[in-house]
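Commentary on secondary and tertiary structure
Listed here are the chains, written in short residue letters.
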Amino acid sequence: MITAPHAEALSGGFAEAPVQSARAFREILEAMARPGTIRRVAGAEPPARLSVAAGVALLTLCDPTTGLHLAGAADCPMVRDWVAFHIGAPLVAAEAADFALGTWEALQPVTRFRIGQPDYPDRSATLIVEMERLVNHGPALTGPGIELATWLNLPETAAFRANRALFPLGFDCLFAAGDRIAGLPRSTRVEKI
Amino acid sequence: MYVAVKGGERAIDNAHGWLAEERRGDRAVPELTIPQIREQMKLAVNRVMAEGSLYDPDLAALAIKQARGDLIEAVFLIRAYRTTLPRLAGSRPVDTAAMAVDRRISATFKDLPGGQVLGPTFDYTHRLLDFALMAEGEPPTPVPSPQGGGEAPGAEAEGGTGLDAPPSPLVGEGWGGGAPHMPHVTGFLNRDGLIEAAQPSDATPPDLTREPMELPADRALRLQALARGDEGFVLGLAYSTQRGYGRTHAFVGELRIGRVAVEVDIPELGFAVEIGEIELTECETVNQFKGSKTEPPQFTRGYGLVMGQSERKAIAMSLVDRALRWQELGEDFTGAPAQDAEFVLMHCDNIQATGFLEHIKLPHYVDFQAELELVRRLRAEAQTMQEAAE
Amino acid sequence: MPSPDAEARRAWIATLAKAPPARLAELMPELPPHDVLRSPEIGAVMVRGRTGGTGAAFNLGEMTVTRCSVRLPAGPVGHAWVQGRDKAHARRAAVIDALMQTDAAQDLTARVIAPLQAEAAAHRAARAEKAAGTKVEFFTMVRGEDK
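A few points on the structure. (Residues numbered from 1 in each chain as written. Chains lettered and ligands numbered in written order. Predicted model: local features only at pLDDT ≥ 70, side-chain atom pairs only at ≥ 80, totals over all residues. Heavy atoms only, no water.)

Residues and elements named next belong to chain A. In terms of residue burial, strand 7 (residues 172-177) counts as a mostly covered element, since six of its six residues are buried. The side-chain alternation of strand 7 yields two buried faces, one formed by Asp172, Leu174 and Ala176 and the other by Cys173, Phe175 and Ala177. Sheet analysis places strand 4 (residues 126-130) next to strand 7, joined by five bridges and oriented parallel. Bridge pairing links isoleucine 128 to leucine 174 in strand 7. In this sheet, strand 8 (residues 180-184) lies alongside strand 7 in antiparallel orientation, the contact comprising five bridges. (Buried < 20%, exposed > 50% of the residue type's maximum accessible area, 1.4 Å probe, protein only. Helix = DSSP H or I, 4+ residues; strand = E, 2+ residues; numbered from the N terminus. Pairing = 2+ DSSP bridges.)

Before going further, it helps to spend a moment on helix 1 (residues 9-24) of chain B. The first and last C-alpha atoms of helix 1 of chain B sit 23 Å apart over 16 residues, in line with the 22 Å expected at 1.5 Å per residue. Once helix 1 of chain B ends, the next one or two residues include glycine 25 of chain B, with phi positive near 70 degrees. (Expected span 1.5 Å × (residues − 1).)

If you look at the interface, chain C gives 58 residues, while chain B gives 85 residues. Both sides together, the interface formed by chain C and chain B hides about 6,300 Å², and carbon and sulfur atoms give 58% of it. Where chain C packs against chain B, one counts eight salt bridges. When the shortest N-O distance is used, the salt bridge between arginine 38 of chain C and glutamate 268 of chain B registers 2.6 Å. At the junction of chain C and chain B, the tally comes to 29 residue pairs in polar contact (both at pLDDT 80 or more). Broken down by secondary-structure element, the contributors of at least two residues to the side of chain C that touches chain B are helix 1 (4-18), strand 1 (35-50), strand 2 (57-71), strand 3 (77-83), helix 4 (105-132) and strand 4 (135-136) of chain C. (Contact = heavy atoms within 4.5 Å. Buried area = accessible area lost by both parts, 1.4 Å probe. Salt bridge = Lys/Arg side-chain N within 4 Å of Asp/Glu carboxyl O. Polar contact = N/O pair within 3.5 Å; in protein donor to acceptor, adjacent residues only side chain to side chain.)

The biggest cluster of nonpolar side chains holds 103 residues, and the ones touching the most others in it are Ile275 and Leu280 of chain B together with Leu16, Trp81 and Val112 of chain C. Here this core gets seven residues from one element, more than from any other, and that element is helix 3 (residues 87-99) of chain C. In this structure, this core is formed jointly by two domains, domain 1 (8-82) and domain 2 (96-121 + 150-348) of chain B, each of which donates at least three residues. Not counting the four nearest positions on each side in its chain, tryptophan 81 of chain C is found in contact with Leu88, Ala89, Val264, Ile266, Glu268 and Ile275 of chain B together with Ala17, Arg38, Val45, Val65, Thr66 and Arg67 of chain C. (Core = buried A, V, L, I, M, F, W, Y, C linked by side-chain atoms within 4.5 Å. Domains from an automatic or database assignment.)

Right, let's get into the packing of aromatic side chains. Summed over the entire model, instances satisfying the criterion amount to five aromatic pairs over all chains. When the ring of tryptophan 326 of chain B is compared with that of phenylalanine 333 of chain B, the centres are 5.1 Å apart and the planes differ by 40 degrees; the resulting orientation is tilted. With relative accessibility at 41%, the residue phenylalanine 333 of chain B sits in the partly exposed group. Here the aromatic cluster, defined as three or more aromatic residues joined through ring pairs, consists of Trp104, Phe160 and Phe175 of chain A. The ring of tyrosine 120 of chain A carries the charged tip of arginine 123 of chain A above its face, separated from the ring centre by 3.6 Å. Taking the ring centre of phenylalanine 167 of chain A as reference, the NZ or CZ of arginine 164 of chain A above it sits at 5.2 Å. (Phe/Tyr/Trp six-rings, centres within 6.5 Å; stacked < 30°, edge-to-face > 60°. Lys NZ or Arg CZ within 6 Å of the ring centre and 35° of its normal.)

A separate point is the sheet that holds strand 9 (residues 189-191) of chain A. Residue and element names in this part refer to chain A. Reading across the sheet, the three strands line up as 6-5-9 and stay open at both edges, with antiparallel pairing between neighbours. Edge positions in the sheet fall to strand 6 (150-151) and strand 9, since each has one partner strand and no second. Across three bridges, the pairing between strand 5 (residues 140-142) and strand 9 is antiparallel. Within strand 9, the position partnered with threonine 142 by the bridge is arginine 189.

Given below as C-alpha cells:
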C-alpha cells in the first residue's frame, strides 16, 4: 500500500542532478580516500532533521537498488517521503542495510550492520552519522590515505577499533554536520589521545 | 593472456571517417531519416527493441541507421545506451487479455470467442517480389476486401469512415462488452481441467540485468533470457524440438499481436497510472502431454512474449520455454539441446556471443607467440626422438 | 483503491502520458510559471509480463520513460511519467496535472483532455476497424479418410 507523500517532501533534491551528483561524488570520494579530511558539499535541502551533507550523501550514493535504514529521529514521515520521492531507496532493517542514517546514538548497536563476507567484503553497510559539528580535533587517525596522522572528533573510539580489527570486513562511516562531511573507512586505525 | 597494444590512432580515425562515408553510401541517393526507418522498416526496429531489451522505436531506428542495417550491431548500441539509464521503476505485469489486438489467431480452435483476426500478416502472401514497390511514385493500390465487415487497408485515410459508425466489435463479444477484454484461449481448456493451470503470483521476478544469471534458473529468468535472446538462435532451437530433439508436440493455442498499456505504481502519487502503450506479440502453445510419474495426462503450455510485432520469435520462444520445462513436468531428459537450460540460456544472447566471438580478431600477438614457440618446441622434440629411433 | 478524485486524476495523467507530444504542445503551447521540484529525468521502467498471460510475473524488457514534477506558485503539485525521452512532454504533462487540480480544470478538460481522449479513441477505433476487416471464419472440410 502506498500513500502520497507530504508536499514539503517534494522539494530539496538536486536541481541539476548530473552535475551536482558528480561534484558531490568527487567530494565524498576524497573524504573516504583521505580519512579525517573535512570536505564541503552542496545542492540538497533535505527535511529539517537531516543535515545538508547527509542529504547530499543520500542523493549521491543511494538509489532504488540500495537498502536504506533510517535510525532514530531520522525515521520520520517527512524523511521517508523525501527519500521515496528523490531517491527511491527501499527502507530496510538495520541488518539488511546498504546504507544507514542517524546519530551515533541512534545507530547503536553498530554491530548489527553488515560487514560483508570474505568473498565479498563490499557487501557491507555504510553508516552516515549525523554530528553536531565536525572538527579536526580528537582521536588520532592513521592508516591508508593519511600521510602521518590526523584527528577527528569521533563520537567514540572502541567501536571503530573493533571494526578495524575485522578488516578486510567491516562497515564504513561518513560523518555529516551542516554542509561538512568526513569519512572513516574500515581501514583506518583510531586511537584515543 | 591480454596485453594492451598501442598505436594506429591515425589509422583508426581514418577507418572511422571511411565508415561514416560508407554508411552514407551514394550521395546522389537521398539520406534515410529516422522516421522513415521507424515507419517503413518496422519489423527490423521491433527486433532491435526486443533483443536490445529496450522499447523505444526512435532509438532502435537510430541504431539501425548508425549500424548500417547490421541488426546485431544495432542491438549492441541499444544495450550500451540502456546501461546509462537509471531504472526508475518496474511496471505492473501487463494484462495481455486487455490487448487492443491487430492480429489474433488460434490453430486449435476455429470458433474462438472474439474471432480469428488475421491482421497485417505475410501468411497469405505469395512470396513473389512485388516490383510495384520498386517503382517510384504512387504506392500500389490495395485490393479491396471481398469480405464484408471491413475496409481494405489504407481506405480509411481517404474519407472519415469509421469515426461515426462504431466498428464491428472485435472485443467483448459474449463477454459483456465494456472494457476491451479478450480472454486467452487456454482459459477455455482450463475450465475443463484439460490444461495445466498457470499459478498467478505477484512476487518480484529475478532480473538477469541486475544479478548475474545463476543455474538452475527459474521459469521467470528463462523467459527473460529468451525474450531478449537472438531470434535466429531461438528459432533454430525451436525447430530442433519439432524435428525430434526434445519433441513437445506443440500447437499454437493462440497468437496475438497488439498494444497494451503499461501501468506503474508512482510513489509520489500513491497510486498506479498508465504511462504509455507498447506493442507486444504473445504466443501460447498447447502441448500434448501423456502424463508422467508426477503429472496426469493433460495439455501443457509453452509461453512466448516479445516486444513489437515478432511472431516468429514469439512462437519459437514458447516452444523452447516448453522444452525447458521437462524437469518440473517429470519428463525424461533426452539430451536435446533445447532441454538443456545451461546450453540455451548461456548461448542465446547475441551480444554476449558476438562479443566473445569477435574478440578473437583483436590483437592476440602474445598468446600466439606462445603457441608458436610451443609448436616449434614440440616439433623439435619429435624430430629428436625420430632421429634417435633411427 | 484510489478515491473517485484519484480515479479522475489517474485518467487524465494517463491521457497526458499517452498523448503524442507534438499534439499536446499544440493544444497547450504556453505554460504558466511554475517551480520545478524534479527536473525532467530520462530513465527506464522494467516492463513485466506474466507467464502464460495470467501466471507469475517475469521481466520482459525495459522501456524509456521521462518523469518530471512541478509546483505552481499557488501550491498545487503536478507529476508526470511519460513514455519516451521527450523532456518537454514530461514537463508539460506535469504542469497540466497541477493545473487540473485548480479552477482551470474545467477549461483544460474541454480544451486539452477531452480532445486528446477523443483522438485516442478515434485512432483506436480506426485500427480496430481495420482488424475487423481481416476477421475470418475457417470452415473445416470433410476429409476423405473420415468417410
